Amino acid sequence: MSIADKVEVRLRVNGEDTAIMVLPYKTLLEVLREDLGLTGTKHGCELGECSTCGVLVDGKPFLSCLAMPLDLEGREVTTIEGMARGREPHPLQVAFAELGAAQCGYCTPAMLLTAKALLDREPRPSREMIKQALSGVLCRCTGYLKIFEAVELAASRGSDG
Amino acid sequence: MAEAFSVVGKSLTKPDAYAKVSGQTKFADDLSLPRMLFGRILRSPYPHARVLRVDTSAARELPGVLAVLTGDDLPVKFGILPVSQDEEALAREKVRYVGDPIAAVAATDEWIADEALGLIDVQFTELPHAMSIQEALAAQGEPIHGSSNVHKAVALEFGDTDAAMRVAEYVREDTVFFEGNTHLPMEQHAAVAQYAADGKLTLWTSSQTPHYVHRALGKVLELPMSRIRVIATPNGGGFGGKSDIFSHELVAAKFAMATGRPVKITLTREEVFYAHRGRHPVLMKVKTGFTRGGRITAMQFQSFLDGGGYGSYGVASTYYTGALQATTYAIPRYRFEAVRLFTNKPPCGPKRGHGTPQPRFALEIHFDKAAEELGVDPVELRRRNLPAPDSRTVNWLRITSCGLEDCINKVVDGSGFLRRRTSMPKGRGLGFAVSSYLSGAGTAIYWNDMPHSEVQLKLDRNGGVLLLCGAIDIGQGSDHILAAIVAEVLGVALDDIQLSTGDTDLTPIDLGSYSSRVTFMAGNAAKAAAESVRDRLFRAVANALHCDAADLTARDHRIYRSDRPADGLTFAQAVQRAEAQGGVVTGSGSYTPPNLAGPYKGSGVGPSPAYSYSAAVVEVDCDLKTGEVKVPEVWIAHDVGRAINPMLVIGQVEGSVYMALGEALMEEQTFRLGLHKFPSLLEYKSPTALEAPVMHTYLVETIDREGPFGAKEAGQGPLLPVIPAVANAVYDALRIRIDEIPITPEKVLKALNERDRRVGPKSVPTFSFPPLIKAEVPEEWKGK
Amino acid sequence: MASSNPGSMFIAGGTDLVPNLKRRQFDVPALISLNALPGMRLIDGDGERGVTIGAGVTLDELAHHPALDGAYRALAQACDQVSTPQVRCMGTLGGNLLVDPRCNYYNQTYSWRKAAGFCLKKDGDICLVARSSPRCWAVSSSDSAPVALALDATVTLHGVGGDRRVRAHELYKDDGIDYTTKRADEVIVSVEVPGSEARMTSAYWKLRRRPAFDFPILGVAVALSWDDGMVRAARGALGAVGSRPVEITAFLAPLNGRRPDDALIAEVADAADKPARPLDNTDLSHYWRKRMTRVYIERALREACGVDPLAGRLSAQVKAAAI
């Protein structure tokens, strides 16, 4: 492959339109991290087996390691860098910080975005709904409980507030 | 009255929390430098083979390839322990497991590097391989190292255990197996190396032990350590898996030196399984003599460790399988024999609980069985054998604070264990177990008489505090603990503390984030550093207020007279005064553990300045028709000495319980065709959010006299009792014994069908242990 | 496009294909995205008329779709249990029906497969599961496929030669490599599930180690149509016990025309595991998976009959052991 093999990809990431030249076989994960410098999106396996690379596409949880950027034209990609509103962290980010829901912090971006997708559709989820919604993101540090509690705290404060 | 502390004991937000929730934390693979190359490593496809020839010519010619390395480029052997210098960055003569590194390529992108690996031609002669303890002992062919597959054998005895067994009124023997498993941090290991024009090498690496990596780089690259800087990046999970020296760290550094360009190597998930250094598979036999009343008279413990292809921490792991039996129970006579064998698997090493979860599993199910036969409940049997605070074990381990009894009471009361376990519905059961763990290893990995932890502080004129320490936060919150201790002593807020950690150029030594040592050791060093700075500030303020320094208090950003709080200076004013009088305001503190080793060879592993204690009750829900076991609820109590930040301690406890449940029920490293059966996140089963039980966590505070503010460890100990408690709960539910980890549904079903209702090893292999080293028994145990 | 790009493959959700591409299970010159095809995302119909589902409908949509609330609940259950929420938001019904059969000697990296010795399915010439076997024993690992058989769904394929309709059980072949009758140039465009004037119930039970992430190591799909408390017709299929979904409809026939009680369900389930032939190439042992089959058939049938699924009589134990 050479530079001549690159194609133009138009993406809308965190509300900003961008057009870049990339090799067509690069995944969204690689484009975000390597071409757009958005290293907040992590990777744990690059095979869809841990969801550490999770982002949102049109508000739904997606695996950036398996998504092909060319297929995402016209869709809205949200990464952890786009979660805060300006300087104001999202209520989920505050709750995760306050309750110690981020230990090593490596699954945290995917966990937060997945939780955001849940709260956006279900502002007051039950514990069971939270477990179901987060069941696709592996965490090895917390035992998940502080994460559940943080989602509940954010929900009780109103995630859009 | 004001609270005793303003920071310590409070569940405050840790300093790195917002960087983590915003995605701003830079892990090693997030780093990118101009002109950076990407390295990939070629690994052995054979479990055991002689390397005849490595032909890299075709790989070198591939456009985009800048350098290729083989073993001959890095011939110096290394290993984390001075006694086990048996590793090569890239294997030269032979490979010892599938995944053993052989050669490496640095190229302009990872695809080219990958393609180039495919062009390297290696000729091997296959050798017979050994994939288990039994195979390693029986192997006839060329040993994996040296003249035998036995890596280390030890035999120690404290008092005459045979005699004590003979007079015991009840003796029980059990044989138990604990399958190996791995850390599975979510972050794959990564390293970035840069060799600058001034001839200085910098390595950023996701390591728990930057100091040891620094030493190894110096040795293998044959560079003075003064020309090497190692910066540990925040670890995306460690659990012990990033506390060794890894091939990719040395290779990235060598590539940077060879090309003059920065080089990054990030392991794939598959490679992380090969890097391993995780839980040893251990086969154990435990024999205990009791009085009719349930008091232990003697214990004999044997362990066989399946070590994998290299030494790693294995000598320490071997001793750890026998060290902490006597800190949990008062054992008057104790014999311990162990052997670690080389096998053709990825090397094992320290995983959370290093060498102690396996014997803990054996011991706690053994005691559960003994209790039943002795006719006492399992809680009572433990109560009758509690270690005493401020005592010494028969193997010379010094116990200071001990909150085990309190831990037992908390979980037994909280779960209603004694009442409920007799009235559970079919398939439901409760299990109980206890444990103890180190607050830092009492000896360093290499022999020296210098401190284990050092902290430097520098104060600025506005009252800010720069804290420098070699410790590295692996998610456990060590940055917070250091900052909290300093903030408490100086009377400032957490926000006033800036941390610089894990950087061998900037920060004084801390041996690393392993063996649960950071809170205790770096915490003590931080406290000492803060106290030295505070003393200087107090002298300056006393001078200004015309009072005695001993009469001053530092709190709420002020230094004031304790008897007349209105008389004082702000913290910043105090710094300015001190600086005006004596120049830059700095201070340092160090921690060296007391010499605690007993008078025998092998006494270096096990001593710790303090031991934590834990107790757990686990509830299981078993499907009688399928053998599936679920854990709906766990009660866990942990004696942490003092919780510097209760929220973070609870986080460590909950994480430990989670990891223990994974090990108890599903996690295992198994092999087939000489290969890891499934080196992937899909097939190596790690529990999901849906399996998280309800947890009741109780913190017990014993205020250890030597811990910083009384604190002990929390990161590893709480894992220990949970695994055997699951097995004991399965027995309570189904009257079957699964004497083997993990407890899979197949094993449960098999046990239900067995005549003896048990699945587990029947015996241990015959092995001639070395002659027993008969150590003297401490005075207090003589005649008992 | 497919005909002008020989060797190219279709991609929709990518959750099965992309990992396989990364592990070099396929070498393709180009991928052809199906995501812009019109009509692929529609769901239309109800329990009486039948439901037509575009192949591009995501598993997440199907898991919660009101059209699958009643008679077709098994399909929603199956979709809801595929892997993770992330995979369900990306993955499509068409893709799930055609999941590349899996094997833990095959779904490994290139270097692992090279070290183990390449297998029949890719780059090699023997089956590592059954070394003397001339064929590949990779396991059909789709959750939706056995449900499609149980519900007697019909799949519409679109290709160079136009459209054709294939009944679900004719879509699969008993081979781990050549596992579908779909031609390389064809794509599934829609799936039709027939309606019924009779009341219909269905259920899907999935066996796996963890309640998320894991592929089925056994799937049981059953569909019952009812006539005044009596089973009119029972259909069923097993997943993950062979290279294609395995029909058990004939074994369920004793239910037809009868009012199922605990004993009848147990008796039927006990016999219906006969065609299950799990091999040692998934998670957990094939012995256990085989023994679990009748338990899960019983549980699925009981659920479809509206009785407590867990209260059945069968056990995976070889013989009953007193507790």
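My aim in this report is to walk through the structure given alongside it, one point at a time. (Residues numbered from 1 in each chain as written. Chains lettered and ligands numbered in written order. Predicted model: local features only at pLDDT ≥ 70, side-chain atom pairs only at ≥ 80, totals over all residues. Heavy atoms only, no water.)

### Looking at the overall build of chain C
The number of helices and strands found in chain C is eleven helices and eleven strands. For chain C, whose C-alpha radius of gyration is 19 Å, the value lies close to the compact-globule estimate of 20 Å for 323 residues. Along the first, second and third principal axes, the C-alpha set of chain C runs to 55 × 45 × 30 Å. When burial is assessed residue by residue, chain C has 60% of its 323 residues classed as buried. Within chain C, contacts between residues separated by at least 24 positions form 59% of all contacts whose residues are at least 6 apart in sequence. Of the roughly 12,400 Å² that chain C leaves accessible, carbon and sulfur atoms contribute 52%. Averaged over its 40 positive side-chain charges, chain C has a centre that lies 6 Å from the centre of its 37 negative ones. (Helix = DSSP H or I, 4+ residues; strand = E, 2+ residues; numbered from the N terminus. Rg over C-alpha atoms; globule rule 2.2 N^0.38 Å. Buried < 20%, exposed > 50% of the residue type's maximum accessible area, 1.4 Å probe, protein only. Contact = heavy atoms within 4.5 Å. Areas by Shrake-Rupley, 256 points an atom, 1.4 Å probe, with all protein chains shown as cover. Lys, Arg positive; Asp, Glu negative; His and termini not counted. Charge placed at Lys NZ, Arg CZ, Asp CG, Glu CD.)

### Details of the sheet that holds strand β4 (residues 94–95) of chain B
Strand pairing in a sheet relies on backbone hydrogen bonds. The paired strands run either parallel or antiparallel. All names here are of chain B. If you walk across this open sheet you meet the three strands as β4-β2-β6, and the pairing is antiparallel. The sheet is open, and its two edges are formed by β4 and β6 (121–126), each paired on a single side. Relative to β6, strand β2 (residues 49–55) runs antiparallel, the two being bridged by six bridges. What sits directly across from Arg 50, in β6, is Thr 125. (Pairing = 2+ DSSP bridges.)

### Re the interface of chain B and chain C
Taken together, the contact pairs 38 residues of chain B with 41 residues of chain C. The contact between chain B and chain C buries some 3,200 Å² in all, and 55% of this surface belongs to carbon and sulfur atoms. On the chain B side of the interface with chain C, the three residues burying the most area are Lys 625, Arg 672 and Asn 753 of chain B, jointly 20% of the side's total. Put simply, chain B and chain C have four salt bridges between them. Where Asp 623 of chain B meets Arg 299 of chain C, a salt bridge forms, and the shortest distance between an N and an O atom there is 3.0 Å. Our count for the contact surface shared by chain B and chain C stands at 16 residue pairs in polar contact (both at pLDDT 80 or more). Listing elements by their share of the side of chain B that touches chain C, those giving two or more residues are α8 (269–275), β29 (675–676), α19 (722–734) and α20 (745–753) of chain B. Examining the composition of the side of chain B that touches chain C, we find that five residues originate from one element, α20 of chain B, more than from any other. Looking at side-chain class alone, the side of chain B that touches chain C contains 19 nonpolar, six polar and 13 charged residues. (Buried area = accessible area lost by both parts, 1.4 Å probe. Salt bridge = Lys/Arg side-chain N within 4 Å of Asp/Glu carboxyl O. Polar contact = N/O pair within 3.5 Å; in protein donor to acceptor, adjacent residues only side chain to side chain. Nonpolar A, V, L, I, M, F, W, Y, C, P; charged D, E, K, R; others polar.)

### Considerations on unusual backbone geometry
That bond from Ile 741 of chain B to Pro 742 of chain B is cis: its omega, 0°, falls within 30 degrees of zero. Within the secondary structure layout, Pro 742 of chain B lies in the loop between β32 (740–741) and α20. We note that Tyr 144 of chain A has phi near 75°; this positive angle belongs to a residue other than glycine. You can see Tyr 144 of chain A is positioned in the loop between α4 (127–134) and α5 (145–157). Judged by relative accessible area, Tyr 144 of chain A falls into the buried class, the value being 0%.

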